[in-house]
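Letter by letter, the chains look like this.
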Amino acid sequence: MATEQIKILVIGGTGYIGKFIVEGSAKSGHQTFALVRESSLSDPVKVKIVQNFKDLGVTILYGDLSDKESLVKAIQHVDVVISTVGLSQFMNQINIISAIKESGKHIKRFLPSEFGNDVDRTVAIGPAKSEFAMKAEIRRVVEAEGVPYTYVINNCFNGYFLATLAQCETRLTSPPRDKVTIYGDGNAKAILNKEEDIVAYTMRAVDDPRTLNKSIYINPPKNIVSQNDVVALWESKIGTTLEKTYVSEEELLKKIPQSPHPLDLLLALNHAIFVKGDQTWFTIEPSFGVEASQLYPDVKYTSVDEYLNQFV
C-alpha cells in the first residue's frame, strides 16, 4: 500500500478490468471515485456493479466522456485519474487529457486505458495493430500535453487467456478437458496475470516516483509461460492428455481477415502473443520502463500454476 492515501478517479469502472481497479482502490484505503454514465442505471448488471462500489465506500459521480464539464468537475476531486475505458472509447480519452489540463496542475498521475501489451513495442498485425495504434496515439497526446503519466503493461488477463488455455476466442470460463488448439509451435513466451494482482501492482505504482512518466511492466517470473507450458501444467493437474490441433502461423494469418469482428481481433491477439511473442521479445530498459515484481517484491502474486488449481 502507498504510504500516503490519495484520491483516485476511475473512468470506465463498470468495464472488465475497471471493476477490479475500483474495488482494489477502495480496499487499499484510497478515497475512490467512479465516473459513471447515467445511462448505466438502465442496465441491471451495471446497477449491481455500481451498488457494490457504493457498499465499498466509493463515491459515484455521474458524467460522460463527451461531457467536458462533468469530466472537469470529477477531476477536481482527485489526485490521480485512471482510465479503463473499452476499445470504442479509446480516442475519447483525449477529452480526459483536455479536462486534466483545464482542471489545473494538481493531478499527480494519469493512467490511460492500457492494461495489455506494450503498444510502442509490438509486432501485432491487422485489428490488433489498429487497436494498439489508438492506444499509442493517446500516449503521444499525453506526452505532448505534459500530463504526468504511468502506462500499466499487464499483458494477459488470466480470466481471458488462462481460463481458456490461451484460446481467448473461445470465451471459455474454465479450461477444456478434451482438446485444445495450439497456435504456431506453442513455444512463444507470454505473460499471464491474475486480475487482482494487476490491481495490487497498479495501486502501488500510482504515486510511486519510480513509475512517473514510465511504463510499469507486470512480468512476475512464474507467469512468463508458453502455451505449451500452460497446456502441460493443466494436463498434469487433471491426469489427461488433451487432443491437440496445431494451427500454423500461415493458416492463422489467412483466418484473421476472413473472420467476423470481434473474432478477427481475438485471433490477431493470439497471433501477436502466442506466435510472435509480442510480450517478451524486447528488454525493459530503465529509460522507458520498470518491472513491477522487482519494484514491489512484497506483493504476493498468484502464479499460473496456482491459478489453474481452482479449476481442478
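Residues numbered from 1 in each chain as written. Predicted model: local features only at pLDDT ≥ 70, side-chain atom pairs only at ≥ 80, totals over all residues. Heavy atoms only, no water.

- For the chain, the name recorded in an unreviewed UniProt entry is NmrA-like domain-containing protein, with Brassica oleracea var. oleracea as its organism.

## A short note on the UniProt feature "domain: NmrA-like" (unreviewed entry) in the chain
- Taken from the UniProt record, the annotation "domain: NmrA-like" (unreviewed entry) applies to residues 7–308.
- Split by type, residues 7–308 is 40% helix and 18% strand. Its first and last C-alpha atoms lie 35 Å apart. (UniProt positions renumbered as here; feature names shortened; annotations may be inferred. Helix = DSSP H or I, 4+ residues; strand = E, 2+ residues; numbered from the N terminus.)

## Some details on the packing of helix H5 (residues 126–144) against helix H10 (residues 263–275)
- Where H5 meets H10, the closest approach of the two axes is 6 Å, and the angle between their N-to-C directions is 90 degrees. Classified by the angle between their axes, H5 and H10 sit roughly perpendicular to one another. Contact with H5, carried on its side by Pro 127, Ala 128, Glu 131 and Phe 132, involves Asp 264, Leu 265, Ala 268 and Leu 269 of H10 and no other residues of that element.
- Looking at the contact of H5 with H10, its residues break down into six nonpolar, no polar and two charged. (Axes fitted to C-alpha atoms, helices over the stretch in contact; angles between N-to-C directions. Parallel < 35°, antiparallel > 145°, perpendicular 65-115°, else oblique. Contact = heavy atoms within 4.5 Å. Nonpolar A, V, L, I, M, F, W, Y, C, P; charged D, E, K, R; others polar.)

## As for the side chain of Asn 223
- As for its placement among the helices and strands, Asn 223 is situated in the loop between strand S10 (214–217) and strand S11 (224–226).
- Overall, the relative accessible area of 0% leaves Asn 223 in the buried class.
- At 2.9 Å, the side chain of Asn 223 forms a polar contact with the backbone nitrogen of Val 304.
- Those residues in contact with Asn 223 that lie beyond four places of it in its chain are Ala 190, Ile 191, Leu 192, Asn 193, Tyr 301, Thr 302, Ser 303 and Val 304. (Buried < 20%, exposed > 50% of the residue type's maximum accessible area, 1.4 Å probe, protein only. Polar contact = N/O pair within 3.5 Å; in protein donor to acceptor, adjacent residues only side chain to side chain.)

## Some details on the sheet that holds strand S9 (residues 189–193)
- Ordered in space as S7-S9-S11, the three strands form an open sheet in which the pairing is mixed. Two strands in the sheet have a free side with no partner beyond their single neighbour: strand S7 (156–157) and S11.
- Two strands pair when backbone bridges link them, and S7 and S9 are joined in this way by two bridges, in the parallel orientation. Within S9, the residue paired with Cys 156 across the bridge is Leu 192. (Pairing = 2+ DSSP bridges.)

## Considerations on the pattern of salt bridges
- Taken as a whole, this structure holds 15 salt bridges when the rule is applied.
- Across the pair Arg 121 and Asp 118 runs a salt bridge whose closest N-O atoms are separated by 3.0 Å.
- Using a relative accessible area of 2% as the deciding quantity, one classes Asp 118 as buried.
- With a closest N to O distance of 2.9 Å, Arg 140 and Asp 120 form a salt bridge. Taken together, the residues span a long stretch of sequence, with Arg 140 in helix H5 and Asp 120 in the loop between strand S5 (109–111) and H5 at a distance of 20 residues.
- Accessibility expressed as a relative area gives 35% for Arg 140, which makes it partly exposed. (Salt bridge = Lys/Arg side-chain N within 4 Å of Asp/Glu carboxyl O.)

## Examining the sheet that holds strand S1 (residues 7–11)
- Judged by pairing direction, the sheet is parallel, and its five strands sit side by side in the order S3-S2-S1-S4-S5 without closing on themselves. Looking at the sheet topology across the chains shown, the edges are occupied by strand S3 (59–62) and S5. Sheet twist, expressed as the mean angle between neighbouring strand axes with direction ignored, is 20 degrees.
- In this structure, S1 lies alongside strand S2 (residues 31–36), joined through five bridges in parallel fashion.

## Looking at the pairing of strand S4 (residues 80–83)
- Residues of S4 alternate between two faces, with Val 80 and Ile 82 on one and Val 81 and Ser 83 on the opposite face, all of them buried.
- Pairing of S1 with S4 involves four bridges; the strand directions are parallel. Bridged to Ile 11 within S4 is Ser 83.
- Strand direction decides the pairing type here: S4 and S5, joined by three bridges, are parallel. Across the sheet, residue Val 81 finds its bridge partner in S5, namely Phe 110.

## A look at helix H1 (residues 16–27)
- Its twelve residues give H1 an end-to-end C-alpha distance of 18 Å, which sits within 8% of 16 Å, the value for a rise of 1.5 Å per residue.
- Residues of H1 that are buried include every one of Ile 17, Gly 18, Ile 21, Val 22, Gly 24, Ser 25 and Ala 26, and no others.
- Looking at the buried positions of H1, the neighbouring elements they touch are S1, S2, helix H2 (44–55), S4, S7 and helix H7 (195–205).
- Directly after H1, the chain includes Gly 29, whose backbone phi takes a positive value near 95 degrees. (Expected span 1.5 Å × (residues − 1).)

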